[in-house]
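# Chain and residue survey
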Amino acid sequence: MSNLKLGIEVLSAHDLIAKDGQGLSDTYVELHFDGQKFRTTTKANNSRSFLGRVRLTGTSFVPYSDAVVLHYPLEKKGFLSRVKGELGLKVFVTDDPSIRSSNPLPAMEASLNSGSRPIQGQGPNEQVPSFVPNTFSNEKGESRRTFHHLPNPNPAQPQQLNIPPMSTQSSFDYGVQAMKSEPQVSKVVHMYSGPSSQSDDYSLKETSPHLGGGRVVGGRVIRANRPSSTYDLVEPIRYLFVRVVKARDLPSKDVTGSLDPFVEVKLGNFKGITKHFEKNQKPEWNEVFAFAKDNIQWSSLDVVVKDKDMIKDDFVGRLKFDLNEVPTRVPPDSPLAPEWYRLEDKSGEKKKAGELMLAVWYGTQADEAFPDAWHSDTFTSSDGSSAFSSHIRSKVYHSPRLWYVRVNVIEAQDLVVSEKSRTPDAYVRVQIGGQSLKTKPVQARGSNAIWNEEFMLVAAEPFEDHLILTIEDRVGPNKDETIGKVVIPLINVDRRADNRMIRSRWVSIEKSISAAMDGDRGKKEKDKFSSRLHVSVCLDGGYHVLDEPTHYSSDLRPTAKPLWKQSIGVLELGILNAGGLHPMKTRDGKGTSDTYCVAKYGNKWVRTRTIVNSLSPKYNEQYTWEVYDPATVLSVGVFDNSQIGGSNGNKDMKIGKVRIRISTLETGRVYTHSYPLLVLHPSGVKKMGEIHLAIRFSCTSLMNMMFIYTRPVLPKMHYVRPLSVMQQEWLRHQAVNIVAARLSRAEPPVKKEIVEYMSDANSHLWSMRRSKANFFRLMTVFSGLLSVGRWFGDVCMWKNPITTVLVHVLFVMLVCFPDLILPTVFLYMFVIGAWNFRYRPRYPPHMDTRISYADAVHPDELDEEFDVFPTSRGSDIVRARYDRLRIVAGKIQTVVGDVASQLERVQALLSWRDPRATFIYMIFCFAAAIVLYVTPFQVLILLSGFYLMRHPRFRHKMPSLPVNFFRRLPARTDSML
C-alpha cells in the first residue's frame, strides 16, 4: 500500500489589495483540504481581512516530477468582495519519504476558538518559528509562470493516478477515495514555455519620477523650486560640453614639414577624439563632446592636440581647464562664444605651439549642441575611438512625402513588330522604380490595341524615378519582345486633390529608354518611331498613402497640403530609461547590449543616442509632435545597435515595442509608466525588459478636437473612389519599401528591418495564433449580449420570481407608454456610462499576451507564424499544417452552410418549393392579417411578452409549433454535390 501525500508549496503573492487603508497588507495563507486546516507564517502586522481565495480540484494534482509553479488569480468570496492579485502555488503528489513537510502551521485563531488539537509532533508549549524554510523548492530556482483561465482547443488530459485508499495523516496525505473536490469543471490550460522563457511580469507599472518640471504623482506635476524648462518630461542631467572649433599656427612635426592634426579631449578615463586632417596646419573640426556630470570624478579637463602617425602619435600641445571655473549655460541663453587659447607644451609653458579655438560650459540635454555631440556614455571608459559616432548619435528624421500615381493605359496605335505578317499580342508594363504592373495581353486589331486599364503606384518626393511604360509583344509561351518604351518624368505629371477629370494625352513610343528620355530631340531624328500610346497620368493627392495598418496608423492626412486641417494639439514624449534588458551580445565574457530607441508618429521619426555596454541605459531625451487626429497611434521601439560589435548580418535586433493610442490619453495629464517590452519568438513570448516613458497630450483647441470625431477617418477620396483590399495591401508594401530606402540613406541610418518592425509590415500574413486571438476578441465583444440573453432566460424561467415580476411591470409600463421606450434606453446607457466612469482605465493600453493569445499558443503554430513565405519547412510538416488548416476551414464551412440553410428556409416560405408549407403559411398570414387588424397593437405586444415570459409550469420541453414548422422547410442543401 503506497503512502501518497499532497504537497502544496506556497511561494508568493502579488498585486494584492491593501486592507488597512495605508497601502500595506499583512498577509498569510490558509490551506484547507479534507477537514485539515493549516496556515503559513504571517508577514508583519496580522490582519483577519479576506484578500481572496483559490480553489483547486483533484484533477489538477500531478506527480512531483510534473509539477510546475502556477500563479492562480484570486477569486471572490461574495458578489461585493473586492479581490485582486495572484497566488503562486506548486501542487503535487508524492510518496518520496525524503520530501518532508516544512512544519505546517495550524490556523491559530481557528484552533484557539474551536479547541482543536495541535498538530502532531508539536507540543502545546512549543513556539512557532517566525521563519519556516521551504524544503519543497528546488535549488536551481524555477521560472515563474502566469496562470490564465483561457480556453484551450487541445487541453492536456490530466494524468490519472491509481492510488489505493489510505489513512489521513497530519500532513496532506490522501488517497483517491479520500480526495474530496467540488463537482465543478476545472479550467485546464496547457502551457508551453521554451527553455529561455523569462519572468512573466507583463503588467504596466506607474511611476513617480522627478522630472524637469517637478515630481509626477498620479499624472499631476508637483512643481519644484527650480526654473521651468521646455524639457520638463525628462530627468535633467548636467553635461560638460566641449566644442572644439579650429586651430591655427600649428607647428610641423614630420620630416617633410607636414602635420596631420587631431584633438583628444580627455576627462578621467573618458576620452573623445576628433577626426584628423592630412597635411593641414589650420584645421577646422567644429565637433562637440558631452561628458555626463555623474561620471565626472576629476577636477580638470585635458585637451591635447596630436599629430597622427603610423606608429605613435606625436604631441603638439595641450590645454588644461579647472572644472570649478567652467561657466553654466541655461537655454534660451545665447550659445557660449568660443575663444582662442594658446597651447602649452608638456612642461606647461606657452611656447609657439599654435592656438586652439574652443568653448567649455556646463549644460543639460536642452542644449542645442546635445543631439550632435559625442557622448561619454556612448563608449566604454577604455575606448576613445569615435569611428562609429555617426551611428550612435540622436537624430530626427522626416519620412518622404508619398503620392499615389494613377495611370490609365487606354490604347496604342501603329504598333510595329519584327514579324510583319503576325498580329501583335501586346500588353503594357507600368513601372516606377521597383514597382511593376502590367495589363492583360490584347490581340491587336491590325496595328492598334485597346486596354483601358487603370493602375495605382506609389512615388515619393523628391521624384527620383520616372514612370516607364513598356509595350511588349507576347511571341511565345515564355518569350516576349519589346515593341517600345515611354518615359514620363513624374515632376511633369498633373496633380489633383479631388476627383476631377484628368486630360489624357498621346505620347510617342520610342525604341529605347535613352531615346525616350531625349524627348523633343528624338522627334528630329530621321528614323523616328511612329507608334504612340494614349495614357492618362496624375498624382492623386486626395488620398492618404498608407504605410501602416489602418488600426495602427499614426497619420491620416491626405498627401495634398491644401487639404490639411489645423492641428488639435501637441504630443510630448520623454524617453527616460530602460531596465532589465535581455543581453543581446557578449563582450568581455559578459552579456551586454548597445541600445537605442526609435519613436514614430506621423512622418516624423526620432532616434535616441546609442547607450553602449549597458543593460539599464538612461536616455532622458524629449521630443514633440503636432497632433491632427486623436485616432492615431504613437510607436516606440527599442533596438540593439549591430554597428558596435554586432552580428546577425549587421541587422539591428529588436528588443521590444510599445504602442500608445492618442485618444486614450487625458488632456494635460502626464503619464509616467514603465512598459514591458514583449517580443514573440519561435519559443514563445519573452519579456526583453522595460522602457520608462513620460507622455503628455496637450489640446490646443477643444472644439476642433470634438469636431474631429464627426469627420471621416480617412480623406474624402478613399470613399469617393475607394481602393480594394488587395490594392491597399500591395500599395502599403510598396510604401514601406520606399520609406525604408529613403531613411536608410540618412546618417545614422534607420535600417529596413527597423522600418518594417515599426510599421508592422507583416501584419497581413497568416497566423493561426492571431486568428484564434481575433476569434476570442469577437467572443469577448458578444459576451455582454450573451450575458443579457442568459439573464433574460433566467427571467423567463422564473429563477428569481421578484426580478421576473419587476420585469413584467416594466414591460407593461413600456407597452402602455411606448413614448418612454427610447428615452428609457438612452437614459439607461447614460447611467451605465456614468457608473463606469469610476472604473475607467487609469493607464494607457499596452501589449496584452492574453488578448494576443501568446501565452497559450502551440509551439508548432509559432513555428508556422515565423516561417518564411514561401515555406522552408519539410513536406511532412507542411502536410500536417495543411490538414490542420483543412479541419479549421471545415468547421467554418459547416457554420456558413448552416447560416445559409436558415436563410434559404426563410426564402422557401413563399417560393412554393414545398407547396404544402407555402399554403399553410399563406393561410396563417391571412388569418394573422385579420387578427392584427381587429386587435390593438399594444394588446398583441402584451400577450406576446407574457407568453414569452410565462411560468415554467406552462412550458414544455418539446419545440414549439413555429419552430417545428420552420425546421421542416426545404433548403438548397439537397441540390449541392
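Residues numbered from 1 in each chain as written. Predicted model: local features only at pLDDT ≥ 70, side-chain atom pairs only at ≥ 80, totals over all residues. Heavy atoms only, no water.

## Looking at the overall build of the protein
We count it as follows: What counts as a helix is a DSSP run of H or I of at least four residues, what counts as a strand is a run of E of at least two, and both are numbered from the N terminus. Working definition: with a 1.4 Å probe on protein chains only, accessible area under 20% of the residue-type maximum means buried, over 50% means exposed, and in between means partly exposed. Only heavy atoms enter the contact rule, under which two residues are in contact if any of them lie within 4.5 Å. Here, Shrake-Rupley sampling with a 1.4 Å probe gives the accessible areas, and only protein chains in the shown set may cover a residue.
For the protein, the helix and strand inventory stands at 15 helices and 41 strands. In the protein, which comprises 977 residues, the share counted as buried stands at 40%. When contacts within the protein are restricted to residue pairs at least 6 apart in sequence, long-range pairs at least 24 apart make up 71% of them. Carbon and sulfur atoms make up 56% of the accessible area of the protein, which amounts to about 55600 Å² in all.

## Thoughts on unusual backbone geometry
In this structure, Pro 462 follows Glu 461 across a cis peptide bond, with omega equal to -10 degrees. As for its placement among the helices and strands, Pro 462 is situated in the loop between β26 (449–460) and β27 (467–476). Cis geometry is found at the peptide bond from Glu 747 to Pro 748, where omega equals 0 degrees. Even without glycine at this site, Asn 620 takes up a positive phi of about 55 degrees. On the secondary structure map, Asn 620 appears in strand β37 (residues 618–627).

## A word on the pattern of salt bridges
Where charged atoms of side chains with opposite charge meet at close range, the side chains can pair. The cut-off we apply is this: We define a salt bridge as a contact between a side-chain nitrogen of Lys or Arg and a carboxyl oxygen of Asp or Glu at a distance within 4 Å.
By the definition in use, this model includes 49 salt bridges. A salt bridge links Asp 760 to Arg 659, with the shortest nitrogen-to-oxygen separation between them at 3.0 Å. In this pair, Asp 760 is assigned in the loop between α7 (752–758) and α8 (768–796) and Arg 659 in strand β39 (residues 653–661), connecting sequence segments 101 residues apart. Accessibility assignment for this pair places Asp 760 and Arg 659 in one class, buried.

## Concerning the environment of Ala 412
Examined against the element boundaries, Ala 412 turns out to sit in strand β22 (residues 402–413). The exposure class of Ala 412 is buried, given its relative accessible area of 0%. Along the backbone, Ala 412 and Ile 509 are 97 residues apart, and their C-alpha atoms lie at a distance of 9.1 Å. Ala 412 has contacts with Ser 447, Asn 448, Ala 449, Trp 451, Arg 532 and Leu 533, leaving out every residue within four places of it along the chain.

## Topic: the side chain of Arg 732
With respect to the secondary-structure elements, Arg 732 resides in helix α6 (residues 725–743). The exposure class of Arg 732 is buried, given its relative accessible area of 5%. Beyond its immediate stretch of four places on either side in the chain, Arg 732 contacts Leu 546, Asp 547, Glu 548, Pro 549, Ser 759, Asp 760, Ala 761, Ser 763 and His 764.

## Quick look at the side chain of Ser 531
Summarising the element assignment, Ser 531 is placed in the loop between α3 (520–523) and β31 (532–540). What Ser 531 contacts, discounting residues up to four positions off in sequence, is Gln 413, Asp 414, Leu 415, Val 416, Ser 508 and Ile 509.

## What to know about helix α9 (residues 801–816)
We apply this condition: The length a helix should cover is 1.5 Å for every residue beyond the first. The reported arc concerns the directions from the helix axis to the C-beta atoms and nothing else.
When the terminal C-alpha atoms of α9 are compared, their 23 Å separation across 16 residues agrees well with the 22 Å that a helix rising 1.5 Å per residue should span. Looking only at α9, the buried set comprises Thr 804, Val 807, His 808, Phe 811 and Val 815. Around the axis of α9, the buried residues are gathered within 105 degrees of arc, so they sit on the same side. Exposed residues pointing more than 90 degrees away from the buried face of α9 are listed as Ile 802 and Leu 806.

## Some details on the nonpolar core
This is how the line gets drawn: By nonpolar core we mean a set of buried residues, namely Ala, Val, Leu, Ile, Met, Phe, Trp, Tyr and Cys, connected to one another through side-chain atoms within 4.5 Å.
Ranked by internal contacts, the top residues of the largest apolar core, which has 63 residues, are Leu 571 and Ile 691. Top contributing element to this core by residue count: α6, with seven residues. If we skip the residues at most four places from it in the chain, Ile 691 touches Ile 575, Asn 577, Ala 578, Cys 597, Tyr 619, Val 638, Val 658, His 673, Ser 674, Tyr 675 and Leu 677. Core analysis: the next-biggest nonpolar cluster, separate from the first, contains 33 residues, Val 417, Val 442, Leu 490 and Val 507 among them.

## Describing the packing of α8 against α9
How we decide: Axis lines are fitted through C-alpha atoms, for helices just across the contact stretch, and the angle between N-to-C directions can take any value from 0 to 180 degrees. Note on terminology: angles under 35 degrees are roughly parallel, angles over 145 are roughly antiparallel, angles of 65 to 115 are roughly perpendicular, and the others are oblique. Asp, Glu, Lys and Arg are counted as charged, while Ala, Val, Leu, Ile, Met, Phe, Trp, Tyr, Cys and Pro are counted as nonpolar; the rest, among them Gly, fall into the polar class.
Viewed as axis vectors pointing N to C, α8 and α9 meet at an angle of 100 degrees, and their least axial separation amounts to 8 Å. If you check the angle between α8 and α9, you find them roughly perpendicular. In contact with Trp 791, Asp 794 and Val 795 of α8, α9 contributes Thr 803, Thr 804 and Val 807. By residue class, the composition of the contact of α8 with α9 is three nonpolar, two polar and one charged.

## Observations concerning the sheet that holds β37
Put simply, the test is: Whether two strands pair depends on DSSP finding at least two bridges between them.
The strand order across the open sheet built from five strands is β8-β40-β41-β32-β37, with neighbouring strands paired in antiparallel fashion. The sheet is open, and its two edges are formed by β8 (205–206) and β37, each paired on a single side. Both strand β40 (residues 670–681) and strand β41 (residues 684–699) contribute to a ladder of 12 bridges, which runs antiparallel. Within β41, the residue paired with His 673 across the bridge is Leu 693.

## Section: α8
Given 3.6 residues per helical turn, the α-helix brings residues three or four places apart onto the same face. This is how it is decided: A residue's bend is given by the angle between axes fitted to the 7 residues ending at it and the 7 residues starting at it. For this analysis, a polar contact is any N or O atom pair within 3.5 Å, provided that within protein one partner can donate a hydrogen and the other can accept it, and provided that sequence-adjacent residues contribute only side-chain to side-chain pairs.
With 29 residues, α8 extends 40 Å from end C-alpha to end C-alpha; this agrees with the ideal 42 Å at 1.5 Å per step. Taken as a whole, α8 carries its principal kink of about 40 degrees at Phe 782. Within α8, burial applies to Met 768, Arg 769, Lys 772, Ala 773, Val 795 and Cys 796. Tucked into the core, α8 has its buried residues touching β40, α9, α11 (859–865), α12 (875–907) and α14 (937–948). Sitting at the head of α8, Ser 767 places a side-chain oxygen 3.4 Å from the backbone nitrogen of Arg 769.

## Brief notes about the packing of α9 against α14
Stated formally: In this scheme, a crossing is called left-handed if the near helix is turned counterclockwise away from the far one by less than a right angle; it is called right-handed if the turn is clockwise.
The geometry of α9 relative to α14 is characterised by a closest axis approach of 10 Å and an angle of 165 degrees between their N-to-C directions. Relative to α14, the element α9 lies roughly antiparallel. Here the hand of the crossing between α9 and α14 comes out right-handed. Contacts from His 808, Phe 811, Val 812, Val 815 and Cys 816 of α9 reach α14 at Gln 938, Ile 941, Leu 942, Gly 945 and Phe 946. Residues of the contact of α9 with α14, tallied by class, amount to seven nonpolar, three polar and no charged.

## Focus: the confidence of the model for the protein
Selection criterion: Per residue, pLDDT captures the predictor's confidence, and it can take any value from 0 to 100.
Averaged over all residues, the pLDDT of the protein equals 81, while 84% of them reach at least 70. Scored below 50 in pLDDT, residues 107–199 makes 165 contacts in the model with residues more than four places away or belonging to other chains. For residues 380–384, every residue scores under 50 in pLDDT, and the model assigns this stretch eight contacts once sequence neighbours within four places are set aside.

## Quick look at the UniProt feature "transmembrane region" (unreviewed entry) in the protein
To keep it simple, the criterion reads: UniProt positions are given in the numbering used here, feature names are shortened, and annotations may be inferred rather than shown by experiment.
Sequence positions flagged by UniProt for "transmembrane region" (unreviewed entry) are, in local numbering, residues 775–793, 805–835 and 919–948. Its end C-alpha atoms 25 Å apart, residues 775–793 is made of 100% helix and 0% strand. Overall, residues 919–948 shows 93% helix and 0% strand. The separation of its end C-alpha atoms is 27 Å.

## Observations concerning the sheet that holds strand β10 (residues 214–217)
If you trace the three strands from one edge of the open sheet to the other, you get β9-β10-β11, paired in antiparallel fashion. The open sheet has two free edges, formed respectively by β9 (210–211) and β11 (220–223), since each of these has just one partner strand. Pairing of β10 with β11 involves four bridges; the strand directions are antiparallel. Residue pairing for β11: Val 216 is matched across the bridge by Val 221.

## Brief notes about the packing of aromatic side chains
Aromatic ring pairs are reported here in terms of the distance separating the ring centres and the angle at which the planes meet. Under the convention used in this document: Paired rings are identified among Phe, Tyr and Trp, the last through its six-membered ring, by centres lying within 6.5 Å, and are further divided according to the angle between planes into stacked (under 30 degrees), edge-to-face (over 60) and tilted (the rest).
Scanning all chains against the criterion turns up 18 aromatic pairs. Ring geometry for Phe 776 and Tyr 853: centres 5.4 Å apart, planes at 20 degrees, overall stacked. Separated by 77 residues along the polypeptide, Phe 776 in helix α8 and Tyr 853 in the loop between α10 (821–836) and α11 bring together distant segments of the chain. What makes Tyr 853 buried here is its relative accessible area of 2%.

## Here's the deal with the pairing of strand β16 (residues 300–307)
Within β16, six of the eight residues are buried, leaving the element largely enclosed by the surrounding structure. Linkage of β16 to strand β17 (residues 314–322), two consecutive antiparallel strands, is achieved through a turn of six residues.

## Let's talk about the environment of Lys 293
You can see Lys 293 is positioned in the loop between β15 (284–292) and β16. Once the C-alpha coordinates of Lys 293 and Thr 364 are considered, the two residues, 71 residues apart in sequence, prove to be 9.8 Å apart. Leaving out residues up to four positions away in the same chain, Lys 293 has contacts with Arg 238, Tyr 239 and Tyr 362.

## Focus on the environment of Gly 363
One can find Gly 363 in strand β19 (residues 355–363). Taking the relative accessible area as the measure of exposure, Gly 363 reaches 4% and is therefore buried.

## Concerning a nonpolar patch on the surface
Convention followed: A patch is a set of surface residues, each over 30% in relative accessible area and not in a salt bridge, joined within 9 Å for like charges and within 5 Å for the nonpolar side chains Val, Leu, Ile, Met, Phe, Trp and Tyr.
A grouping of Phe 775, Leu 778, Met 779, Val 781, Phe 782, Leu 785 and Leu 786 is seen on the molecular surface, where their side chains present a nonpolar patch of about 690 Å² in accessible area. Note on placement: Leu 786 falls in helix α8. On the accessibility criterion, Leu 786 (42% relative accessible area) is partly exposed.

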